[in-house]
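# Coordinate inspection notes
Residue-level listing of the chains:
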Amino acid sequence: MKPAPFIRHAPKTLDEALKILAKVAPQDGRVLAGGQSLVPIMAFRLAKPAHLVDINDVAGLDKISNDGKVLAIGACVRHAAFHKPVTENPLGTLLSTVARHIAHYPIRMRGTFCGSLAHADPASEWCLVAAALDATLIAKSTRGERAIAAKHFFTGIMSTALAEDELLVEARLPLLANDARFGFNEFSRRAGDFAMAASLVTYRLQGGKIADARVGLGGAEPSPRRIPEAEAALNGQAPGDKLFRTAAAAAAAAIDPLEDHQTTAEYRRDLVRAVVRRALEGSTS
Amino acid sequence: MSAHGTQGSGMTWVGRAIRRLEDPALITGQGRFTADALAAHWVRFVRSPAAAGKLRSIAAPNGTMVITAADLAGVKKITPMLHKFNYKPVGQSVLADSAVRFIGEPVAAVVAQSEEEAEDIVDEVEVSIDETPSVADARAALENGAPQVHVEAPGNVILEGKVKTPGFDPVWENAHKVVKVEARSRRQNATPMEPRGGHAAYDAATGRVTLTCSTQMPHLTRTAICDVLGIPESDLRVIAPDVGGGFGQKMSLPGEYVVLVWLARKLKSSVAWTEDRRENLIAAFHSRDQYITLEGAFDKNAKLLALRADIVSNIGAYSCFPTTCGVEPLMAMAEMPGPYDVQQYQCLARGVITNTCTMAPYRGVSRPVITFTLERLMDKAARAFTLDPVDIRRRNLIDKFPYKSAMGLEYDEATYKETLEMAVKAIDVSAFRKRQAAARAKGRYLGIGFATFSERTGYGSPAFAARGMEITPGWETVIITVDPSGFVEARIGSSPHGQGLRTTLAQIIADELGITPEMIKVVHGDTDRAPYGWGTFASRSLVISGGATLIAAQKIRTKLIKMASHLLEAATDDIVLTDGMARVAGTDKTIAIAKLAREAYTQTHRFKGDIEPGLTETGHYDPPGTFSNACHVAIVDVDVETGHVKVEKFLVAEDAGRIINPMIAEGQVHGGIAQGIGNALLEEIIYDDSGAILTATLADYLPPTAHEIPPIELHHIETPSANSITKAKGLGEGGTIGAPAAVINAVNDALSPFGVEIDEIPATPQRIRAAIRNAGEAA
């Protein structure tokens, strides 16, 4: 469990980082931020990058900013930054609720929000947040900058729309409506394990009826996404146990479940039904 | 309780929860582990990527040092031996020679200047194997036409134990009711926090090699390695430094250690290997992969009359040394009847070879599985007779001693019924049933589960000899020296690695000699310093090494009293040892024990030839064995939508005889329960159809974390054992033995409204959901 040989680059500025990345990316170069996923994969030699562009020393990447519409999260912002709400907007509470489910405390001190997105593990809580809230992801390279919508960003298991020379410099999350409600639930075998299914829901109440429902689902398919069938079931209806069950069943029916040696499609649907309903139940309290 | 009456210092040390003498070093980072030692050369093993096949060639990159079986000419195979049970001896080359039999089997050793470089070279070694069909499952290996793993064992049966009591048939035929359980225990790994590792260093002056390794059995490691290398034992010193958990996995000999010693001798230098977690999960020893079909015949009053068992134990690809692969199937056969009074018994126990990692003992060995099986049977029988699970146990637990089991084992005085009643009272079953009913009305499913069991501990050589083992462990030796400074050193053949023996043995000695435990150092884990002994395993060390310690300490005490009687001119009967002094009772005549010790070396002429010089005594102990017992109770909350089980509470009422140090005893029980909960719900080594292991990381193989372990409440009864001279019984394995049964019985109790039964460990959420789904989801 020792990584294969690699060269570590430690740029101090973003420009320098992008230049190095442009140069080493074709030679199997990878970006190192918190390293909580990449380094174990390297220890197992499942990945053998020849170059690591370590962005931890790059000035200015550890900032969170809020312009009243969007929360912008820099590439080196750690999971632990969200332990307490970073904004008075309901999004702050949402992020701190979700953050507690990410792995274990030492991992949260080191791992980064944007690193999770770039790694794109299907079970990642932050990928689910990005998908459910329709985040915008800002990718930079020496060729320029582009904004990628979350629904186009995640392209499969550990696969994203980032080009090999692009650095995910910022994730932009839209602030929620001030009266937005949200709920989050995930299932894992042990506390801190990868989620086998997770759901984040948000909505508003207008005249006692659900509006603007978002039902995000992670861990159950190759990429996290919103489930329109469940959202349609909710919009325009009064919240309640029966409705939540209907929406959860719609989500379970709508997915193309991940299967593995222990987890059948049926079981994954069981979990989806449970986490969606529980996320919805949690949203009312 | 008071112990040792008026002997010793007046304040007795035995029975007190003093802090562990070994802990200051460990908790301040001063422990010394195998991987702390630096070496000139580092070794990584190339392991078979195929589950079965002919090894055609191994190609090493130019300029690298890669050792294969061809280099090890003259090194014998590791061939453990049993002389009973139709055992088929199979040998294992320390590096695979001509054939590979499981994924992870070592086929070559890479030697390099660093661990990193060695791992780089491993990636480049080309192993060419003509793959042949493999079989991973024991029942599949028994089928006609299954791939044959060893030619020596046709049909893949390596041993077969059979027993049938003479009166079995008529009792079986006339039984009122027969209840059956088909139990399945999936494969597990002991998962010590420190994986294995060894460091072998050659000493040019003497030609000796010192092997420092993470082992539970330093002396037998020396014997075994010298046997296969054909060298005198005086040429090898084995040291077990601090060892980060063993649980049985580190009592079996790894071929890797043989290679290290061979390399140190060849290179005349130092070489080291540190096993990583992936290697530990795929290639260190596994355990508990069993199918057991158990039937119980009952009379109309739900009294158990007869048991019939069919045990199929997957022993992996080879037989482990020294216990042999008989350790699981034969223990299952011998101890299946457990704590219940049943005199008729029929059993077929087979050890089955497969293309999987070799099995070795793991804390509890077969007893977590047989207890789980038998306790499921009792709960099913309770239901069949519409009895409460507690009632059926009351009707069947042994309550007359000594008791001779259907297998001829003699059970010493114990408290099977008393611990059950103690547990029932402490957990307040009727209050729980009310809470359970209220929760069910709200769609929450709580359950309570009981497990009563016997734990055979501290058994000596006759018990091991009954298995026909060529290597028959059992006894222990302890040498106690009071040196001229007056301080005490006890050198022991046991090899503790977390059990607290440095503290508990010091407590025993302190009481005998009238001194404090801080004056006593317990030396172990070094074949140059400690007497030959068997090590630490099988809940034996406090009973056997503790007994040998008591015998040696009594001899020292006798000699000190004799010396004091000379110098104080008093009768030996009038001398007491207390507070570091020898005192003539009822007078103010005293002499310091430290002074006596000095005189034993420097003033021997004063004793007129009545004592031998020096102050060293030896104790040997080889006891018949003693049965501890306990009742475990688990309360669980089953999430029927996800299949997740939360263990809400765990309660134990146990009897391990005299408790030398309650804090250490309770720590042993706590740790065992944590592993038992892992066995019950989480831990599973999974092979796919090609013999590849799918659980090679700790993200896939799931030991419990602190979060999964509930509060544990312990209650004790102390029934001094007549089979143990310290009156102590062993308790190292009890936690793991009872916990799976209690947890799974609780899960079944919780799910009883669904009409499902879970008879498989681990009861994963997937399996629980599948059972509920198959039962139609309706409560």
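Residues numbered from 1 in each chain as written. Chains lettered and ligands numbered in written order. Predicted model: local features only at pLDDT ≥ 70, side-chain atom pairs only at ≥ 80, totals over all residues.

### Here we look at the nonpolar core
The test is simple: Each nonpolar core comprises buried Ala, Val, Leu, Ile, Met, Phe, Trp, Tyr and Cys residues, the members being joined through C-beta atoms within 7 Å. With C-beta atoms placed from the backbone, a residue counts as buried when 20 or more other C-beta atoms lie within 10 Å of its own, as exposed when 12 or fewer do, and as partly exposed for counts between those limits. Put simply, DSSP H or I for four residues or longer makes a helix, DSSP E for two residues or longer makes a strand, and each gets a number counted from the N terminus. We call two residues in contact when their backbone-placed C-beta atoms lie within 7 Å.
Core analysis: the biggest nonpolar cluster contains 245 residues, and Val-43, Leu-260, Val-261, Ile-509, Val-636, Val-743 and Val-747 of chain B have the highest contact counts within it. Top element by residues in this core is helix α15 (residues 541-568) of chain B. It accounts for twelve residues. Each residue touching Leu-260 of chain B, except ones within four places of it in the same chain, is listed here: Val-43, Gly-198, Ala-200, Leu-211, Val-271 and Trp-273 of chain B. Listed in part, the 91 residues of the second largest apolar core include Phe-113, Val-129, Leu-168 and Leu-280 of chain A.

### Notes on the interface of chain B and chain A
Chain B puts 24 residues into the contact, and the matching count from chain A is 19 residues. Of all the secondary structure elements, the ones that give two or more residues to the side of chain B that touches chain A are α2 (115-124), α7 (277-283) and α19 (765-774) of chain B. Considering every element that reaches the side of chain B that touches chain A, the biggest residue donor is α2 of chain B, with five residues.

### Details of the pairing of strand β8 (residues 177-185) of chain B
Note the threshold: Paired strands are those between which DSSP finds at least two bridges.
Bridge analysis of β8 of chain B against strand β15 (residues 290-298) of chain B gives nine bridges, and the strand direction is antiparallel. Across the sheet, residue Val-179 of chain B finds its bridge partner in β15 of chain B, namely Gly-296 of chain B.

### Some thoughts on helix α5 (residues 218-229) of chain B
Residue and element names in this part refer to chain B. Let me state the cut-off plainly: Here the expected span of a helix is defined as 1.5 Å times the quantity of residues minus one.
Compared with an ideal rise of 1.5 Å per residue, which puts twelve residues at 16 Å, α5 spans 16 Å between its outermost C-alpha atoms and is within 8% of the ideal. By the criterion of burial, α5 is predominantly enclosed, with nine of the twelve residues buried. Within α5, the full set of buried residues consists of Pro-218, His-219, Leu-220, Thr-221, Arg-222, Ala-224, Ile-225, Val-228 and Leu-229. Looking at the buried positions of α5, the neighbouring elements they touch are β11 (208-213), β12 (236-239) and α6 (255-267).

### Some details on the packing of α15 of chain B against helix α16 (residues 593-602) of chain B
All names here are of chain B. Basically, it comes down to this: Axes here refer to lines fitted to C-alpha atoms; in helices the fit is confined to the stretch in contact. Angles between the N-to-C directions go from 0 to 180 degrees. In what follows, roughly perpendicular refers to angles from 65 to 115 degrees, roughly parallel to angles under 35, roughly antiparallel to angles over 145, and oblique to any angle outside these ranges. Under this grouping Gly is polar, as are all residues other than the nonpolar Ala, Val, Leu, Ile, Met, Phe, Trp, Tyr, Cys and Pro and the charged Asp, Glu, Lys and Arg.
Contact geometry of α15 with α16 gives a least axis separation of 10 Å together with a crossing angle of 90 degrees. Taken together, α15 and α16 sit at an angle that is classed as roughly perpendicular. Taken together, the residues of α16 that come into contact with α15 (itself represented by Leu-560, Met-563 and Ala-564) are Ile-593, Leu-596, Glu-599 and Ala-600. Each residue belonging to the contact of α15 with α16 can be placed in one class, and the counts come to six nonpolar, no polar and one charged.

### What about the confidence of the model for chain B?
Heads up, the rule is: Every residue carries a pLDDT, the predictor's confidence in it, which falls somewhere between 0 and 100.
For chain B, mean pLDDT is 96; residues scoring 70 or higher make up 99% of the total. Overall fold confidence (pTM) sits at 0.97, and the ipTM for the predicted complex is 0.96.

### Remarks on the sheet that holds β12 of chain B
Residues and elements named next belong to chain B. Taken in spatial order, the seven strands make up an open sheet running β3-β5-β1-β13-β10-β11-β12, and their pairing is mixed. The sheet is open, and its two borders are formed by β3 (65-68) and β12, each paired with just one other strand. Looking at each pair of strands side by side, their axes are set apart by 25 degrees on average, direction ignored. Of the strand pairs in this sheet, β11 and β12 are connected by four bridges, and their pairing is parallel. Opposite Thr-210, over in β12, you have Arg-237 as the bridge partner. Each of β1 (41-47), β3, β5 (106-112), β10 (197-203), β11, β12 and β13 (270-274) touches α6; the most contacted strand, β10, lies at about 25 degrees to it.

### Topic: the packing of helix α9 (residues 241-254) of chain A against helix α10 (residues 265-283) of chain A
All names here are of chain A. As a reminder, the rule being used: If you view the pair so one helix is near and one far, a crossing is left-handed when the near helix is turned anticlockwise from the far one by less than a right angle, and right-handed when it is turned clockwise.
At a minimum axis distance of 8 Å, the contact between α9 and α10 shows a crossing angle of 145 degrees. Two packed elements cross with a definite hand, and for α9 against α10 that hand is right-handed. Mapping the contact onto sequence places Phe-244, Arg-245, Ala-247, Ala-248, Ala-249, Ala-251 and Ala-252 in α9 and Arg-269, Val-272, Arg-273, Val-276, Arg-277, Leu-280 and Glu-281 in α10. Looking at the contact of α9 with α10 residue by residue, the class counts come to nine nonpolar, no polar and five charged.

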